[in-house]
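# Architecture and fold: a report
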2 protein chains.
Amino acid sequence: MKRPIYLIPALLFFSVTVLAQRPPAISSPDVHPDHSITFRYFSKKAQKVTLNGEFLKAPVSMTNDTSGIWSVTVPPVKPDIYPYSFWVDSVQIADPNNTYIFANERFKRSIVDIPGDQPLVHSLQNVPHGKISYRYYQSTTLGTTRQLLIYTPPGFNPTAKTKYPVLYLIHGGSDTEETWTKVGRANLIADNLMAQGKAKPMLIVMPYGNVRPSPMPDFTKDMINDIIPFVEANYPVGKDSKNRAVAGFSVGGGQTLNIGLTNPDKFAYVCSYAPYTATEEFKKNFSDWSPNADQLNKQLKLFTISVGTEDFLLEPVKQNIAMFNEKGLKLDTQIVPGGHTWMNCKLYLATTLPLLFK
Amino acid sequence: MKRPIYLIPALLFFSVTVLAQRPPAISSPDVHPDHSITFRYFSKKAQKVTLNGEFLKAPVSMTNDTSGIWSVTVPPVKPDIYPYSFWVDSVQIADPNNTYIFANERFKRSIVDIPGDQPLVHSLQNVPHGKISYRYYQSTTLGTTRQLLIYTPPGFNPTAKTKYPVLYLIHGGSDTEETWTKVGRANLIADNLMAQGKAKPMLIVMPYGNVRPSPMPDFTKDMINDIIPFVEANYPVGKDSKNRAVAGFSVGGGQTLNIGLTNPDKFAYVCSYAPYTATEEFKKNFSDWSPNADQLNKQLKLFTISVGTEDFLLEPVKQNIAMFNEKGLKLDTQIVPGGHTWMNCKLYLATTLPLLFK
């Protein structure tokens, strides 16, 4: 049979009508073996293109060649996963050639993953993998159907007689229920720590913590009245406080304190990462708080607050730590280098997972 | 206890350092009850902002107010889910205030969902929901660990004695393994059709079809040698051709023809949506193809090709249909209004799901 004659017009048509609407396929970012990185962006019209990334102290200019490709190579970067974006003249954008995106309600950035010479705690390694399930649940609190993500560990047995413990893990403000896996790699951190015997097999439930227009109080109700019952009705999990932990970052770190400390009968583990606490709910819960410290210390098997020394919330976090200490609460603190970033967030999770359910 | 004094500095600091880096929180898109839509974008520096969307015949200009908010309201749009983007001067961007994103290897667009007055086949309805699981599998073909998504139906029983059938569903070129759920709503279409008794309970496996540098041949091998064995080792599914279907859109529609028709012992159902076939593999498979039509027609319980009358691939698709007819193959065709779009893609899936595994 002769070669079908339409192949050529089809290819031409595809090239002309579809490809011409798109910029050329270019490779960005390219991470080199020495951990330097080349970023590229195509524009024949831009006057100025700048790279901004959380691995940089300050934005760097990109330079263009005659074909319209703007690029810059940055010197070796410490292996980790970093958000970055381009500024094209006055416009901030995610890297169009990178599918790995930091989706957020307020901005779009891309993610670059610099592998370590040895695998990092969040690296995809050749170990058994758990799975992430996207589930809908009915929120009677909010009168709507919401989505959450549930990590089940490697070898998870849905009909197990032994009950699994559950970590409820909350994202930061303007993040989504996907941020802990897509940016925070919570699933791979859990896979790796479980493979090393450092973390117990557990479920990790990642809900969507943002509630408009009044975030905090309603989300606490959603967690207690809707999310936990949904999980406990659908998975073989322990239904007492010793089988439940709550953790979260930033706004989610504040929600963690609100949810965990006002419901110590529900959670024996409370891990707050760089909590943002300048909220009405935090004020309501803690400004006149007189807990029975002895009882609370007995109920809480772990209460920890983590923050970075360059975190813009360092001072209020320190003052909250002092406030909880003043109330007589046993509290582990983790103050480490780094800022209010998802690089630190991964570290906080990797540090606290081994402490849960022991 | 007095109000903690740090709340005010913390709030100020947060406002100044974090919020100042971000544009103001604005609502976009706003879908109104009459199905008109308002889009908004903030920029004090842009000279021109344009809205481009698949519900428009041509891009429309947005106008700015003195506060830097650009906006446009478009007249009522037919209920569906549409990709759109903004052009800010020379830069195409996803809507920063919309988390619902069309992630793609070549571009980033946003998605707007216009609900129908009655629920559409892809609408989130109050019916039992299946779940989507993100899984890693080892590709021996490609020497790497890859991700795929697996939809399991409502009430899925992982220890079922009755075996579930499986649809392998492939995205378009430069899409990802998430496009069929995030843009195509395959999970909700399946939920709704199953709730109505129109589709059989089945698994839907959504792999990542792009393979660099030589896409087509390697992906066929990956499907046959890695993906199917992974699914069949981990789920209670039927392991014969009558329990397997393959479907795909655009480049994935071409892959569907390559995979399905060269492996009729593996797939009894082959559904190709607007196939892009100007590839080396298609040429190799079909330019000198002399199938035993009688045998193939017996093996295939369903072979269907769908395309839109405004699809830029309409002519080559029609010529492929003629070619398959010439070879004596029984072939159902579905030629409907619409272009090479994910709106049509959802329709093709909704039309073929009820035909599978009957």
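The residue numbering used here restarts from 1 in each chain and proceeds along that chain's sequence as written. Chain labels run from A onward and ligand labels from 1 onward, assigned in the order the entries are written. With the structure being a predicted model, the display of local features is reserved for residues of pLDDT at least 70 and the display and counting of side-chain atom pairs for 80 or more, all residues being used for whole-chain, interface and lining totals. Side-chain measures were taken over the full set of non-hydrogen atoms in the model, leaving aside hydrogen atoms and water.

The name given to chain A in an unreviewed UniProt entry is Esterase, with Larkinella rosea as the source organism.

### Quick look at the packing of aromatic side chains
Ring pairs are drawn from Phe, Tyr and Trp, using the six-membered ring of Trp, whenever the two centres fall within 6.5 Å, and their geometry is named by plane angle: stacked under 30 degrees, edge-to-face over 60, tilted for the rest. Here the structure, examined in full by the defined rule, presents 43 aromatic pairs over all chains. A centroid spacing of 4.7 Å and a plane angle of 45 degrees characterise the contact between Phe282(B) and Phe286(B), whose relative ring orientation is tilted. Separated by four residues within a single helix, Phe282(B) and Phe286(B) lie in helix H6 (residues 280-286), roughly one turn from each other. With respect to burial, Phe282(B) and Phe286(B) carry one shared label: buried. Both rings, one in Phe286(B) and one in Trp289(B), keep their centres 4.9 Å apart while their planes meet at 90 degrees; by these two values the pair is edge-to-face. Counting every residue linked through ring pairs, the aromatic cluster contains Phe39(A), Tyr41(A), Phe55(A), Tyr82(A), Tyr84(A) and Phe86(A). The secondary structure listing takes helices from DSSP runs of H or I that are at least 4 residues long and strands from runs of E that are at least 2 residues long, numbered from the N terminus. Exposure categories follow from relative accessible area, calculated using a 1.4 Å probe and restricted to protein chains: below 20% of the type maximum is buried, above 50% is exposed, and the middle band is partly exposed.

### A short note on the side chain of Ser43(A)
Assignment of secondary structure puts Ser43(A) in the loop between strand E2 (37-42) and strand E3 (49-53). Setting aside anything within four residues of it in sequence, one finds Ser43(A) in contact with Gly68(A), Trp70(A) and Ser90(B). Any two residues whose heavy atoms approach within 4.5 Å are treated as being in contact.

### Considering the domain arrangement of chain A
Interfaces are frequently sized by the accessible area removed from exposure as the parts join. Residues and elements named next belong to chain A. Throughout, the edges of the domains are those of an automatic or database domain assignment. Per the domain assignment, the segments making up chain A are domain 1 (23-113) and domain 2 (131-355). Of the residues lining the interface, 14 residues belong to domain 1; the matching set on domain 2 comes to 15 residues. Of the roughly 1100 Å² buried between domain 1 and domain 2 on both sides combined, carbon and sulfur atoms contribute 48%. Summed over both partners, the accessible area lost on bringing two parts together, with a 1.4 Å probe, is the buried area. If you sort the residues of domain 1 by the area they bury against domain 2, Ile81, Phe102 and Glu105 come out on top, with a joint share of 43%. Note on definitions: salt bridges are taken to be side-chain nitrogens of Lys or Arg within 4 Å of carboxyl oxygens of Asp or Glu. Viewed at the interface, domain 2 and domain 1 are joined by two salt bridges. Lys346 is the salt-bridge partner of Asp80, the closest N and O atoms lying 2.7 Å from each other. A 3.5 Å cut-off defines polar contacts: any pair of N or O atoms within that distance qualifies, except that in protein one atom must be a possible hydrogen donor and the other a possible acceptor, and neighbouring residues in sequence count only when both atoms are side-chain atoms. Here domain 1 is connected to domain 2 by nine residue pairs in polar contact (both at pLDDT 80 or more). Those elements that place two or more of their residues in the side of domain 1 that touches domain 2 are strand E6 (81-88), strand E8 (101-103) and strand E9 (108-113). Classes in brief: Ala, Val, Leu, Ile, Met, Phe, Trp, Tyr, Cys and Pro nonpolar; Asp, Glu, Lys and Arg charged; the others, Gly included, polar. Tallied by class, the residues present in the side of domain 1 that touches domain 2 amount to eight nonpolar, one polar and five charged.

### Topic: the packing of helix H3 (residues 186-195) of chain A against helix H9 (residues 342-352) of chain A
Two quantities define a packed helix pair, namely the angle between the axes and the distance from one axis to the other. Residue and element names in this part refer to chain A. Direction vectors running N to C along H3 and H9 enclose 35 degrees, while the axes themselves pass 10 Å from each other. In the crossing of H3 with H9, the sense of the turn from one axis to the other is right-handed. Along the contact surface, H3 presents Ala186, Ile189 and Leu193, while H9 presents Lys346, Leu349 and Ala350. Where helices are involved, their axes are fitted lines through C-alpha atoms of the stretch in contact, as for all axes, and angles between N-to-C directions lie from 0 to 180°. Each crossing gets its handedness from the near helix: less than a right angle anticlockwise from the far helix is left-handed, clockwise is right-handed.

### Things to note about helix H5 (residues 251-261) of chain A
Counting buried positions along H5(A) gives 11 out of 11 residues, so the element sits mostly inside the fold. Turning to H5(A), its buried residues are Val251(A), Gly252(A), Gly253(A), Gly254(A), Gln255(A), Thr256(A), Leu257(A), Asn258(A), Ile259(A), Gly260(A) and Leu261(A).

### Structural notes on unusual backbone geometry
All names here are of chain A. Backbone torsion omega between Ser28 and Pro29 reads -5 degrees, so that peptide bond is classified as cis. Phi is positive for Asp89, which is not a glycine, with a value near 50 degrees. Summarising the element assignment, Asp89 is placed in the loop between E6 and strand E7 (91-93). Its identity as a non-glycine residue notwithstanding, Ser174 has a phi of 70 degrees, on the positive side. Mapped onto the elements of the fold, Ser174 is located in the loop between strand E12 (166-170) and helix H2 (179-182).

### Remarks on the environment of Pro128(B)
Residue and element names in this part refer to chain B. Following the sequence through the fold, Pro128 ends up in the loop between strand E9 (108-113) and strand E10 (131-139). Sequence separation of Pro128 and Pro354 is 226 residues, and the distance between their C-alpha atoms is 18 Å. Setting aside its immediate chain neighbours within four residues, Pro128 contacts Pro154 and Asp191.

### Re the nonpolar core
Among buried residues, the Ala, Val, Leu, Ile, Met, Phe, Trp, Tyr and Cys ones that are joined through side-chain atoms within 4.5 Å form a nonpolar core. Ranked by size, the top nonpolar core spans 172 residues in total, and within it Phe324(A) and Phe324(B) carry the most contacts. Excluding anything up to four places from it in sequence, Phe324(A) contacts Leu257(A), Leu261(A), Phe282(A), Phe286(A), Trp289(A), Phe303(A), Ile305(A), Leu329(A) and Leu331(A). Counting 43 residues, the second largest nonpolar core, distinct from the first, contains Phe39(A), Val49(A), Val77(B) and Val91(B).

### Let's talk about the UniProt feature "domain: Glycoside hydrolase family 13 N-terminal" (unreviewed entry) in chain A
UniProt positions are given in the numbering used here, feature names are shortened, and annotations may be inferred rather than shown by experiment. According to UniProt, the positions carrying the feature "domain: Glycoside hydrolase family 13 N-terminal" (unreviewed entry) are residues 33-86 of chain A. Segment residues 33-86 of chain A splits into 0% helix and 52% strand. End C-alpha atoms: 23 Å apart.

### Regarding the side chain of Asp95(A)
Relative to the elements of secondary structure, Asp95(A) occurs in the loop between E7 and E8. Here Asp95(A) is buried and forms no salt bridge, its nearest opposite-charge partner Lys108(B) lying at an N-O distance of 6.7 Å. Each residue touching Asp95(A), except ones within four places of it in the same chain, is listed here: Ser28(A), Pro29(A), Arg40(A), Tyr84(A), Phe86(A), Ser110(A) and Lys108(B). Counting rule for charge: Lys and Arg are taken as positive, Asp and Glu as negative, and neither His nor the chain ends is counted.

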